[in-house]
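# A closer look at the structure
Take a look at the letters that make up each chain.
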Amino acid sequence: ASDPIFVEANPDLFPLMLDFHRHRKIIISVAVSKEAVLREAAVLNLPVCSDDIIQEAAPMAVLSSRFTESTEAAKKEVDASMRANRIALVADVYKSYLLRQLAARNFEKLNGRRGVYASSKHWKEMAQVLGASEDTMGILVAGISSQEISLALADFAREHWFEWNYDKWVSEKRIVLFELERQPK
């Protein structure tokens, strides 16, 4: 009688099976599946039916809190994704404009300049890359720092053998100068 009894059962659900023996009812939390309890009872050959299982409901305050936390986390994730995509889009518009400027000129005909530049003065032309208006460019760059755009453009320049020079915003109209110069390979 001192030998242990081995029971092949789910260790998380077995205490619930013992509750059924004691009370003829099983009370489970919202974290436990009713189907899992019924399956485990069947494996142990216990006469448990769906009516014998009472699933506790989470308090409304807990559900509300979880909903709020989940919603806020999802909103932050979406906002961060939208911001990253907006930065990438603005950087791509700058890249496209600058590359079009380089392609339109023979490198020797740059009038003494070392490359091409783009600034907010060129938003109308840059907006054409998007098939949009100059105002659209203003909306796209709103809240994006020059440093964020510069980082995206610097990586691009490095990958494609361009020299990258960057001047900070030089007026309240957020004019920024970008210069790309083709480097010899």
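The rules behind the values
Residues numbered from 1 in each chain as written. Predicted model: local features only at pLDDT ≥ 70, side-chain atom pairs only at ≥ 80, totals over all residues. Heavy atoms only, no water. Helix = DSSP H or I, 4+ residues; strand = E, 2+ residues; numbered from the N terminus. Buried < 20%, exposed > 50% of the residue type's maximum accessible area, 1.4 Å probe, protein only. Contact = heavy atoms within 4.5 Å. Lys, Arg positive; Asp, Glu negative; His and termini not counted. Salt bridge = Lys/Arg side-chain N within 4 Å of Asp/Glu carboxyl O. Axes fitted to C-alpha atoms, helices over the stretch in contact; angles between N-to-C directions. Parallel < 35°, antiparallel > 145°, perpendicular 65-115°, else oblique. Left-handed = near helix turned anticlockwise from the far one by under 90°.

## Description of the overall build of the chain
When helices and strands are tallied, the chain shows six helices and four strands. Helices and strands in the chain line up, N terminus first, as α-β-α-β-α-α-α-α-β-β. A buried classification covers 29% of the 185 residues belonging to the chain. A fraction of 56% describes how many contacts in the chain between residues 6 or more apart in sequence connect residues 24 or more apart.

## Quick look at the side chain of E40
One can find E40 in helix α2 (residues 34-43). No salt bridge is formed by the buried E40. Its closest oppositely charged neighbour is R39, at 6.7 Å. Aside from chain neighbours lying at most four places away, what touches E40 is A9, N10, L13 and M17.

## Concerning unusual backbone geometry
Phi angles above zero are rare outside glycine, and R24 is one such case at about 60°. Of note, R24 is situated in the loop between α1 (14-23) and β1 (26-28).

## Thoughts on the packing of helix α3 (residues 60-104) against helix α6 (residues 146-159)
Between α3 and α6, the least distance of the axes is 9 Å, while the angle of their chain directions is 55°. Taken together, the axes of α3 and α6 lie oblique to each other. For the crossing formed where α3 meets α6, the hand is right-handed. Contacts between α3 and α6 involve R83, I87, V90, A91, Y94, K95 and L99 from the first element and E148, I149, A152, L153 and F156 from the second.

## Points about the pattern of salt bridges
A complete count under the given rule lists four salt bridges for this structure. The closest approach of N and O atoms between R83 and E148, which form a salt bridge, is 2.6 Å. Linking R83 in helix α3 with E148 in helix α6, this pair joins segments that are 65 residues apart in sequence. For E148, a relative accessible area of 24% translates into the label partly exposed.

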